[in-house]
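A look at the structure
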Amino acid sequence: MNSKTFIKSYCHIKNNAVSLNGTLLYHGEKEEFFSDFIKSAYKNLDTNYAKFFKMDNLSKLAFLGADVLLKHENVQPEKQENIALVFSNNASSLDTDRKYQESIEDKESFYPSPAVFVYTLPNICMGEISIKHKLYSENSFFIFEDFNPEYLHAYSSGLMEENKAEKVLCGWVNIDKEDYTAFLYLVTKEEGSISHTIKEINSRF
Amino acid sequence: MSRIYLSHNNIISSYGFNSSSAVEKIKNEISSLKLVEEENLMPKPFYSSMVDKRDLVEEFKSLKTKKEFTALEQMMILSLSKVIVASNSVITNRSGLIVSTTKGNIDALELDSPFKEEKAYLSELGKAIKNFFGFSMEPLVLSNACVSGVLATSVAKRLINQDLFDDVFIVSGDLVTKFILSGFNSFQAMSTEPCKPFSKSRTGINIGEVIASILVTKASANLAEEAVEILGDGTANDANHISGPSRTGEGLVRSVNSALKEADILPSDIDYISAHGTATIFNDEMEAIAFNRLKMSKIPLNSLKGYFGHTLGASGLLETIVGMHSVHQNMLFASLGFDEIGVSKPLNIIKKATKKNLNIFLKTASGFGGCNTAAIFKKV
């Protein structure tokens with residue numbers, strides 16, 4: 001059952017820059033806050049999806065990375081491709097958890113908002129991507145202390161071998177205060193130059 | 001790929017500190033939900049099921065550790081230790097650990113928490129459990145909303161099939177916290193009475209607290225008597241809405257079909273369905289539509305939320321474990337809180353505990369983010 005798989009494309013969002021397959025697509029100001037950077041990246045990359053603005057920071061980060069990569073791969077919603085999502089990070093949804101906790105901390109200013117609460121789960125960002133790209137596919141969100149290519153490799157290989165997915169969009173989307181990183185890569189059976197191995201994943205992280 | 005089994009298990013709940021204490025009460029249709037008046041958790045009284053923390057302190061003493069742990073960590077360690085003892089397991093570099101939780105130690109964010117904010121990181125929770133038992137591989141923390149507990153069994157299966165492990169221990173759970181209660185209340189999803197899944201008079205969910213643990217293994221020797229084999233599983237997104245269930249049940253239908261295909265069985269081969277059944281208007285309706293599309297409306301079905309409430313990251317595994325005991329005892333357990341059908345499509349809701357030969361059951365769950373997971377289990 002060792003049918004070979006390959007990394008077709010990969011995308012990074014870090015240090016206020018967006019790149020695809022190692023090529024810079026957009027860079028913002030060096031000292032810019034994440035919230036400003038991601039908005040200007042959205043505009044510059046012709047994302048064109050109004051729901052983006054109601055998302056929390058983790059979803060914006062994951063959504064933009066996935067959008068850049070899936071558009072490049074010409075993934076069309078009407079085709080309903082079977083692309084699984086296997087995401088991971090360290091801080092789960094803590095960025096929004098802290099914001100929500102502030103809204104309920106004391107009795108005098110107790111304003112829990114459902115629009116904030118819904119984003120206090122890390123897998124919501126995969127829901128946002130699934131809605132936009134019409135992915136009715138497998139999704140799972142793992143939390144690790146650090147990037148863990150062994151688990152991502154094993155799990156996405158398993159999904160493909162068991163015919164649960166044609167392709168897997170895999171990676172790391174983390175935001176913790178002003179510290180953020182997105183690294184997403186698409187695993188396919190289509191013959192390519194980058195083998196889907198732990199070493200190749202790690203060298204691109 | 002080898003056969004993979006769900007074996008020794010434990011449930012820590014307000015019924016007691018083992019699976020059988022919960023199963024006995026369920027068999028006798030006794031709920032653990034009761035009215036809780038704790039203003040520091042919620043301004044008004046609410047129905048819930050919580051583990052007695054004084055009993056927990058006493059039980060935890062048996063582990064003779066001097067290290068300090070949060071209440072959630074204590075419950076998870078205690079639960080897992082009971083599974084390790086019952087299965088006579090030795091933790092090696094071929095043993096994996098999955099922690100299934102939605103919010104972990106989220107109460108560490110509270111200003112008056114005795115614990116540091118770092119405790120709120122889910123990887124810290126995983127690390128505390130890993131270190132206690134001496135697992136050598138990093139734990140895999142799964143946080144995929146309310147499907148986490150069932151999905152954890154799929155993940156365990158996949159990692160064993162990929163030859164990373166021979167055995168995987170899953171521990172699952174979430175606390176009843178101000179964070180969770182205020183959030184579901186802001187969605188106006190909370191019921192002011194014990195929940196009534198699939199009933200006409202249902203008014204929403206109760207949040208409950210349970211820790212559930214299980215050993216997933218490819219070894220067919222030394223299985224628990226209630227062990228089951230995983231025949232198939234599937235997860236699918238609704239691709240529709242991040243908080244509202246799909247109106248067509250699309251993701252749930254797809255996840256069940258994926259599990260059926262892998263199991264290579266027909267819907268008519270399923271003897272019993274352990275549904276999600278949160279008792280919100282939209283969730284239960286979505287499930288009824290999905291099970292009708294799947295031609296499963298005549299299969300006996302229950303929701304166990306009337307016994308424990310919705311236990312979030314534990315619910316899927318908790319309900320799988322109760323399902324294992326149900327098929328082992330050849331007894332369908334009542335869907336507590338059900339009176340009159342309150343969904344637009346027919347379902348065969350189990351009204352009272354009934355003896356029946358049972359072999360194969362389906363467990364489903366659905367959650368925020370549009371995720372749905374199904375798994376099919378067969379008696380060994």
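Residues numbered from 1 in each chain as written. Chains lettered and ligands numbered in written order. Predicted model: local features only at pLDDT ≥ 70, side-chain atom pairs only at ≥ 80, totals over all residues. Heavy atoms only, no water.

1. Structural notes on the state of the cysteines
Residue and element names in this part refer to chain A. Under the criterion given, the structure shown has 0 disulfides over all chains. Its sulfur unpaired, Cys11 is 14 Å from the next cysteine sulfur, which belongs to Cys125. The exposure class assigned to Cys11 is buried, which follows from its relative accessible area of 2%. Cys170 takes part in no disulfide bond, and the closest cysteine sulfur to it belongs to Cys125, at a distance of 13 Å. (Disulfide = S-S within 2.5 Å. Buried < 20%, exposed > 50% of the residue type's maximum accessible area, 1.4 Å probe, protein only.)

2. So, the nonpolar core
Judged by nonpolar contacts, the single largest core of 174 residues is most densely connected at Phe87 and Leu169 of chain A together with Ile129, Phe184 and Val216 of chain B. Among the domains, domain 1 (5-217) and domain 2 (228-379) of chain B are the pair contributing at least three residues each to this core. If we skip the residues at most four places from it in the chain, Ile129 of chain B touches Met76, Ile77, Leu80, Leu97, Val99 and Val171 of chain B. Core analysis: the next-biggest nonpolar cluster, separate from the first, contains 28 residues, Leu294, Met296, Phe338 and Ile360 of chain B among them. (Core = buried A, V, L, I, M, F, W, Y, C linked by side-chain atoms within 4.5 Å. Domains from an automatic or database assignment. Contact = heavy atoms within 4.5 Å.)

3. Overview of the pattern of salt bridges
For the structure shown, the criterion picks out 36 salt bridges over all chains. A salt bridge links Asp166 of chain B to Arg94 of chain B; the nearest nitrogen and oxygen atoms lie 2.9 Å apart. Of the two residues, Asp166 of chain B sits in the loop between helix H5 (148-161) and strand E6 (167-173) while Arg94 of chain B sits in the loop between helix H3 (71-87) and strand E4 (95-100), which places them 72 residues apart along the sequence. Under the relative-accessibility criterion, Asp166 of chain B is labelled partly exposed at 25%. Overall, Arg94 of chain B belongs to the partly exposed group, its relative accessible area being 25%. If you follow the salt bridges from partner to partner, you end up with Glu162 and Lys164 of chain A together with Lys157, Arg158, Asp233 and Glu262 of chain B in one network. (Salt bridge = Lys/Arg side-chain N within 4 Å of Asp/Glu carboxyl O. Helix = DSSP H or I, 4+ residues; strand = E, 2+ residues; numbered from the N terminus.)

4. Some points on the environment of Ala259 of chain B
With respect to the helices, strands and loops of the structure, Ala259 of chain B is situated in helix H7 (residues 250-263). Through-space distance from the C-alpha of Ala259 of chain B to that of Ser19 of chain B is 26 Å; in sequence the pair is 240 residues apart. When near neighbours in sequence (up to four residues on either side) are disregarded, Ala259 of chain B contacts Lys164 of chain A together with Gly232, Asp233, Gly234, Ala374 and Ile376 of chain B.

5. Describing the packing of H3 of chain B against helix H4 (residues 122-133) of chain B
Residue and element names in this part refer to chain B. Here H3 crosses H4 at 40°, and the two axes come no closer than 10 Å. Between H3 and H4, the crossing angle belongs to the class labelled oblique. In this structure, H3 meets H4 at a crossing whose hand is right-handed. Where H3 approaches H4, its residues Leu72, Glu73, Met76, Ile77, Leu80, Ser81 and Ile84 are matched on the opposing element by Leu125, Ala128, Ile129, Phe132 and Phe133. (Axes fitted to C-alpha atoms, helices over the stretch in contact; angles between N-to-C directions. Parallel < 35°, antiparallel > 145°, perpendicular 65-115°, else oblique. Left-handed = near helix turned anticlockwise from the far one by under 90°.)

6. Let's talk about the interface of chain A and chain B
Facing the 57 residues of chain A at the interface are 59 residues of chain B. For the pairing of chain A and chain B, the buried interface totals around 4,800 Å² over both sides, and the portion due to carbon and sulfur atoms is 59%. On the chain A side of the contact with chain B, Phe117, Tyr136 and Tyr151 of chain A bury the most area, a combined 15% of that side's loss. The tally of links between chain A and chain B comes to 6 salt bridges. Where chain A meets chain B, there are 33 residue pairs in polar contact (both at pLDDT 80 or more). (Buried area = accessible area lost by both parts, 1.4 Å probe. Polar contact = N/O pair within 3.5 Å; in protein donor to acceptor, adjacent residues only side chain to side chain.)

7. Digging into the domain arrangement of chain B
The figure often quoted for interface size is the accessible area lost as the parts come together. All names here are of chain B. Along its sequence, chain B is carved into domain 1 (5-217) and domain 2 (228-379). In this complex, domain 1 contributes 62 residues to the contact, which on the side of domain 2 involves 65 residues. For the domain 1 and domain 2 pair, buried surface summed over both sides reaches about 5,000 Å², with 68% attributable to carbon and sulfur atoms. Run the count over domain 1 and domain 2 and you get 6 salt bridges. Taken together, domain 1 and domain 2 are joined by 26 residue pairs in polar contact (both at pLDDT 80 or more). Taken together, the elements giving at least two residues each to the side of domain 1 that touches domain 2 come down to strand E1 (5-12), helix H1 (19-27), H5, E6, helix H6 (178-186), strand E7 (207-208) and strand E8 (211-217). In terms of residue count, the dominant contributor to the side of domain 1 that touches domain 2 is H5 (8 residues). Its residues assigned to classes, the side of domain 1 that touches domain 2 comprises 28 nonpolar, 25 polar and 9 charged. (Nonpolar A, V, L, I, M, F, W, Y, C, P; charged D, E, K, R; others polar.)

8. Focus: the environment of Ile38 of chain A
Residues and elements named next belong to chain A. Checked against the element boundaries, Ile38 lands in helix H1 (residues 34-44). As for Ile38 and Ala17, which are separated by 21 residues in sequence, their C-alpha atoms are 9.3 Å apart. Those residues within four positions of Ile38 in sequence are excluded, and the remaining contacts are Phe52, Lys60, Leu61 and Leu64.

9. Observations regarding the sheet that holds strand E3 (residues 46-49) of chain B
Spatial strand order, E2-E3-E7 (chain B): 3 strands in an open sheet with mixed pairing. Edge strands, defined here as strands with exactly one partner in the open sheet, are strand E2 (34-36) and E7 of chain B. (Pairing = 2+ DSSP bridges.)

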